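# An overview of the molecular structure
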Amino acid sequence: MSPGAPLAAGAAGPMTPEPLRVRSLRRETADTWTVSLDVSRRPGGFPFQPGQFNMLYVFGVGEVAISISGDPGRPAELLHTVRTVGAATHALRGIGRGGTLGVRGPYGRPWPMEEARGQDVVVVAGGLGLAPLRPAILHLLRHRAEYGRVSVLVGARTPEDLPFRRELARWQEDSRLRVLVTVDKASPGWTEHVGVVPALLSDVEVDPARTVALMCGPEVMMRFTVRELERRGVPDARIHLSLERNMKCAVGFCGHCQLVPYFVCKDGPVFPYEKLRPFINLREV
Amino acid sequence: MPPPLPPLEHHPFLRGLSPEQVSAIACGIRELSFPAGALLLREGEQADTLYLLRSGRVVLELNVPGRGTTQLETLKAGDILGLSWLFPPYRWSLDARAVEPVDAFALDASCMRGPTPEHPVLEPALAMRLLRHLYDRLERVRLQRLDVYKAGA
Amino acid sequence: MPEVTSSAPEEGRAQLSLEQFAALLAALRGEGWRLVGPTVRDGALVHEDISGAEELPRGWTEVQEAGTYRLARREDGALFGYSVGPKSWKHLLFVPRLRLMSAHREAEGFRVESEPTEPPRLALIGARSCDLHAIAVQDRTFLEGPYKDPDYAARRERLFVVAVNCGQAGGTCFCVSMRTGPRATFGFDIALTEVLEGGHRFLAEAGSERGAALLSRLEARPASEEDIQAADAVVERTAQSMGRTMDTTDIKGLLYRNLEHPRWDDVAQRCLACTNCTLVCPTCFCSTVEDTSDLRGDVAERWRRWDSCFTLDHSYLHGGNVRHTIRGRYRQWLTHKVASWWDQFGTSGCIGCGRCITWCPVGIDITEEVAAIRATDGARSGA
Ligand SMILES: Cc1cc2nc3c(=O)[nH]c(=O)nc-3n(C[C@H](O)[C@H](O)[C@H](O)COP(=O)(O)OP(=O)(O)OC[C@H]3O[C@@H](n4cnc5c(N)ncnc54)[C@H](O)[C@@H]3O)c2cc1C
Ligand code: SF4
Ligand code: SF4
Ligand code: FES
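Below: a short report on this structure. Nothing here was measured: the structure is a model prediction, and the numbers come from that model.

What follows is about the packing of helix 5 (residues 219–231) of chain A against helix 2 (residues 124–145) of chain B. In helix packing, the relevant descriptors are the interaxial angle and the interaxial distance, both defined with respect to the helix axes. Following both chains from N to C, one finds helix 5 of chain A and helix 2 of chain B inclined at 155 degrees, their axes separated by 10 Å at the closest point. Taken as axis vectors, helix 5 of chain A and helix 2 of chain B run roughly antiparallel relative to one another. Note on element contacts: helix 2 of chain B touches helix 5 of chain A through R132(B), D136(B), E139(B) and L143(B), opposite V220(A), M221(A), F224(A), R227(A) and R231(A). Residues that form the contact of helix 5 of chain A with helix 2 of chain B fall into these classes: 4 nonpolar, no polar and 5 charged.

This is how it looks when you write it as C-alpha cells:
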C-alpha cells in the first residue's frame, strides 16, 4: 500500500525505528519547527507519497506520529514539521542539529493525487494541517500541467502562527496557484483575510463536477468547510480529509486509532468524505 | 483594464429579485470608491447606509483600549457591509476599513428601514436575504470563536 | 494453523483409553513440546504449564453466570468437564507484556536492537472450538494485515493444538448462535471428544498429518460407528443445552444505525469501565507502547502492553480524549466486537465464549445488550 519498502518492516519488525541524524532545524513559528533528517545513507533516500506520515522516536521518551512535510519529488530530503505540544514533541525539538531520531514509516493512505489529475484542486489547510498538504502542493507544482486550477486556502490563528510563511508568500506570487490566507485574529498591518477558512471558499470558483478538495486541519474546521463545499455542490467522494487519532503503532496492531470501521493509521489518515459521512458528526467516535 | 463591474441587480445580495423588488429596496443609490486605508464605517457614527461591495476587501476592526486594534473579519466583493441602521440607536458598532481599493454601492437605509409610514414592514425578499446573510455570519463567528488552532483545541 | 484434512468418519479417527490419552501427552512432551493445559489455580480453571494428564482438573467443573464464577466438583471424574475459564490462550500468542526493542546510546546517536523472537514450542491441551476461532480472529490482526507481528507469528508457528469438543455448555457461552462451536472444525492437530457414558474414553480425530502420525504411534483402536455416534451425541447435547444466544441477523447494520440508541446511556450507568471484559476476551488486541530509559539515559527500551478501549487514555489526543464518557467507550467496545470487526477483518470480533459476561463485576451481558438494542431498533437518545 505504501510506496518504497517501509522502514524496518523486515527482520527488525515493524515496531523498530531506524536512527537518522538531524541535519537541520528551522523555526516556523513560536512553537513549530521543521526538522530535516539525513537520509544520505539510504539508497534512494526516503521515498513517500504526499499525505503519508512517519513515527518519530525520541530516545527513551516516546514516539509520535508526524506527517512528512517535504517534497515527494526530492526523496533525498526528509522533512517533518512539528508543533511542540507535549512531552515527546518538546523532547524532539530539544534534540538539535547532529542529534539522532528514530524513524519508521512511511505510513498511511496518501492524498489522491492520481484521481485529482486533470481536475481542479482546492487545498484547504488549517494551522499545522498545512504540513501534510505541503507535499501535495509541491507535487501539484511539479506536475502543474497535469492539473486544472489549483487553489490553496490556508487558515491560522494569527499571522504569527502561519507555518511556511515565506513559502506562502512565494506561492502567492506564483501565477500557477491561487493562494488565499486567512487568520482568526490580526492586528492592523495585516492585509490578508481575517475570518474562518470556509469563508475563503466564496472567493474560489468551484466547478463541482471537476473539483477535488484536499483538506487537513482541526476537525471542526473541516466539518464546516465540508458543509460549505456541499453547498457549492461538490460530491462527497471528491472531498478528502486527513484525520488525526491517537496512534501507538501506525501498523494496524494497537487499536488506538479506530474510528468505527476504520483504522486511521492504515485506512487513512486521508479519507474521502463519503466514507466518513456516517460517523464524523457523531460524538466520541 | 479590469473587467467592468457588474450592475446593481447582479450583486449577489440582490441577484434574482424582480426589478420591482429591487426598486422597493434600493433608493438613493450611490456608486462609491474608496482608496486603501479609507474608513467606510466609523464606530459610533450615524448608521444610514447599506454597502454592497463590488470589488476589493474591507476589514472590520474593533479598538480595544489597552489592547489596540483587532481585525475581526474580512468582507469582500459580493458581501454586504453595515447593518446597524436596522435598529435604534442607528450607530455603527465597528470600524470598517478598506484593505485595498474598494468599489461599492451605497444604498440609503431610510428606504429599507421599517416601520415608517412609507415602509410599514421590511420588504420580505430583503428580510430573507438579511436573515440568510446574518445566519452565515453567525456560523462563521461561532467557528471563529472556537479558537480551533489553539494547542489542544 | 495446521492444515485441515477432511477425513471420512472411519479413517483418521481413533478410540483412546485414558491411558492412551496420557500417553499422547507424554509423547508430545517427548517430542519437545511444552504442555499447556487447564489446571486449577486460585479457585479457577486456567491454562498453565502442566506435566501430564495427572494435572488436568479431573472431576472439576465451573458454575458460571453473569458476574459469577466458581468451581464445583463433579462425580464422573471428567478431565475436561468444564467449558472456558477466565484465561483464554491469548496470553500465549499475544503476550501481555513484550519488549519490542532496546536502544543503546553511542558516541553518535544510538543503535537499535530488536528483540530476538525464539518462543517455546507449545502444545495447547484442551483448546475449545471458540478458542480456535478466536485465534483465527487474532491471526487476521497480527498476520494478515499489511504488516506482520513477528513475535506473534513466531509463537503462532510453534503450536501443536489438541482441541477438545465441548462436553457441556458453560453458563454464559453462546457459540452455537455465533457458529463457532461446540465442535472444533479447523485449526487443530488432534481433536478429542471426551465420552463418559459406557466407559470413560476419548474419540480422537486427526486434523493434520503430524496429528495423524502421533495418533498412529499410540496404536489406538480405529473408532467404530458406535464410538463416533456416542461422541456426536456428547457434542449435540452440549449444543442443545446452551442457554444463551445472540441473534446476529444484520448485526452490523443494527449497531451502525443505533449509535445514538438510549441503551448506551443505560449500560453506561452500570459499566464501571474496569477493562475486565477486554482483558478476558480472546480476540481483543489493543495494546499500548511504552518507551522508557534507564536512569543514566544510556539504554532505552520499548515495551508493548495490553491496553483496553475502556481506559480514558486509549483515545487521547493532545488536549483531550475522544471517548471521554463510559457511554462512548462501551459503545466502542460492543460496536467493535460485533459490527466494525466485520469491516476491518471480515469476521465477527465476538466468538461467543461468554467470558466477558462471567467476568463483568456487575454482570453486563453482551447478548442482552444486543438484544435490548434490537428490541427497540431505531430509538434515539437525547445525549
Ligand atoms: C497521522 C498524524 C499526523 C500527524 N502529523 C503531525 C505533524 O505533522 N506535526 C505535528 O506537530 N503533529 C502531528 N501530529 C500530532 C502529533 O502526533 C501529536 O501532537 C503528538 O503525538 C503529541 O505528543 P506529545 O508527547 O508531544 O504530547 P502529549 O500531549 O504529552 O502526549 C503524550 C503522549 O500521548 C500520545 N499522543 C498525544 N497526542 C497524540 C496524537 N495526536 N496522536 C497520537 N498520539 C498522541 C503520544 O503517545 C504522546 O507521546 C500528527 C498526528 C497524526 C495521528
Ligand atoms: S466479546 Fe465476550 S463473548 Fe465475545 S469473544 Fe469476547 S469475551 Fe467472548
Ligand atoms: S473492543 Fe476495545 S479493547 Fe477490544 S479490540 Fe476493540 S477497541 Fe480494542
Ligand atoms: S495506530 Fe495502532 S492500529 Fe492504528
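Structure shown, so let's carry the discussion forward.
What follows deals with the sheet that holds strand 12 (residues 221–222) of chain C. All names here are of chain C. In space, the 8 strands of this open sheet follow the order 3-2-8-9-10-11-1-12, with mixed pairing throughout. Bordering the open sheet on either side are strand 3 (44–49) and strand 12, each of which pairs with just one other strand. Along the sheet, helix 1 (residues 18–30) contacts strand 1 (13–16), strand 2 (34–41), strand 8 (122–127), strand 9 (159–165), strand 10 (190–195) and strand 11 (201–206); its crossing angle with strand 1, the most-contacted strand, is approximately 110 degrees. Helix-sheet contacts for helix 6 (residues 209–217) involve strand 1, strand 9, strand 10 and strand 11, and the interaxial angle to strand 11 is about 140 degrees.

Further remarks concern the site of ligand 3. Surveying the vicinity of ligand 3 reveals the residues Q258(A), T278(C), C284(C), F285(C), C286(C), S308(C), C309(C), Q332(C), W333(C), H336(C) and W341(C). Tallied by class, residues from the shell around ligand 3 come to 6 nonpolar, 5 polar and no charged.

All names here are of chain C. For strand 10, the buried fraction is high: 6 of the 6 residues fall into the buried class. Of the two faces of strand 10, the one carrying I190, L192 and E194 and the one carrying A191, T193 and V195 are both buried. Sheet analysis places strand 9 next to strand 10, joined by 4 bridges and oriented parallel. By the bridge assignment, N165 is partnered in strand 10 with T193. Taking the residues that link successive antiparallel strands as the turn, the strand 10-strand 11 hairpin has 5 residues, and the phi of G198 there is positive, at about 70 degrees.

To continue, consider unusual backbone geometry. Backbone phi values are negative for most residues with the exception of glycine, while trans is the configuration of most peptide bonds. In this model, G268(A) is joined to P269(A) through a cis peptide bond whose omega is 5 degrees. Along the chain, P269(A) falls in the loop between helix 6 (264–267) and strand 15 (270–272). Between G181(C) and the following residue, P182(C), the backbone shows a cis peptide bond with an omega angle of 5 degrees. Looking at where P182(C) falls in the secondary structure, it is placed in the loop between helix 5 (175–178) and strand 10. Phi angles above zero are rare outside glycine, and T275(C) is one such case at about 80 degrees. Along the chain, T275(C) falls in the loop between helix 9 (262–270) and helix 10 (276–280).

Moving on to the sheet that holds strand 2 (residues 39–41) of chain B. All names here are of chain B. Across the sheet, 4 strands lie side by side as 2-7-4-5; this open sheet has antiparallel pairing. Two strands bound the open sheet, and with one partner strand each, they are strand 2 and strand 5 (68–76). Within this sheet the neighbouring strands show an average axis-to-axis angle of 35 degrees, counted without direction. In the sheet, strand 4 (residues 57–64) pairs with strand 7 (residues 95–98) via 4 bridges, with the strands oriented antiparallel. Looking at strand 7, one finds that L60 is bridged to A96. Sheet strands in contact with helix 2 are strand 4 and strand 5, and its direction is about 135 degrees off that of strand 5.

Over the atoms rolls a probe the size of a water molecule, and its path tells where empty space is left. All names here are of chain C. Counted under the stated rule, the structure contains 9 cavities of 30 Å³ or more. Considered as a void within the structure, the largest cavity measures approximately 140 Å³ in volume. The wall of the largest cavity is formed by 17 residues, among which C271, C277, Y330, C360 and I364 lie closest to the centre. Mapped by element, the contributors of at least two residues to the lining of the largest cavity are helix 10 and helix 11 (326–345). Of the residues in the lining of the largest cavity, the class split is 14 nonpolar, 2 polar and 1 charged.

Let us now look at the site of ligand 1. Around ligand 1, a shell composed of 23 residues is seen, among which A65(A), R83(A), T89(A), E244(A) and Y316(C) lie nearest. Each of chains A and C places residues next to ligand 1. Contact distances for ligand 1 include 2.7 Å between an oxygen atom and a backbone N or O atom of R83(A). Separating an oxygen atom of ligand 1 from a side-chain N or O atom of Y316(C) is a distance of 2.7 Å. Alone, ligand 1 offers 820 Å² of accessible surface; in the complex the protein occludes 87% of this. Elements with a minimum of two residues in the shell around ligand 1: strand 4 (62–67), strand 5 (77–83) and helix 1 (87–94) of chain A together with strand 15 (316–317) of chain C. Tallying contributions element by element places strand 4 of chain A first for the shell around ligand 1, with 4 residues.

Parameters at a glance
- Residues numbered from 1 in each chain as written.
- Chains lettered and ligands numbered in written order.
- Predicted model: local features only at pLDDT ≥ 70, side-chain atom pairs only at ≥ 80, totals over all residues.
- Heavy atoms only, no water.
- Axes fitted to C-alpha atoms, helices over the stretch in contact; angles between N-to-C directions.
- Helix = DSSP H or I, 4+ residues; strand = E, 2+ residues; numbered from the N terminus.
- Parallel < 35°, antiparallel > 145°, perpendicular 65-115°, else oblique.
- Contact = heavy atoms within 4.5 Å.
- Nonpolar A, V, L, I, M, F, W, Y, C, P; charged D, E, K, R; others polar.
- Pairing = 2+ DSSP bridges.
- Near = heavy atom within 4 Å.
- Buried < 20%, exposed > 50% of the residue type's maximum accessible area, 1.4 Å probe, protein only.
- 1 Å grid on protein atoms, 1.4 Å probe; cavity = no way out; pocket = protein on both sides within 12 Å on 5 of 7 lines; lining within 4 Å.
- Points joined across faces, edges and corners; volume = space filled by probe spheres on them.
- Polar contact = N/O pair within 3.5 Å; in protein donor to acceptor, adjacent residues only side chain to side chain.
- Areas by Shrake-Rupley, 256 points an atom, 1.4 Å probe, with all protein chains shown as cover.

Interpretation in functional terms is not warranted from these geometric data alone.
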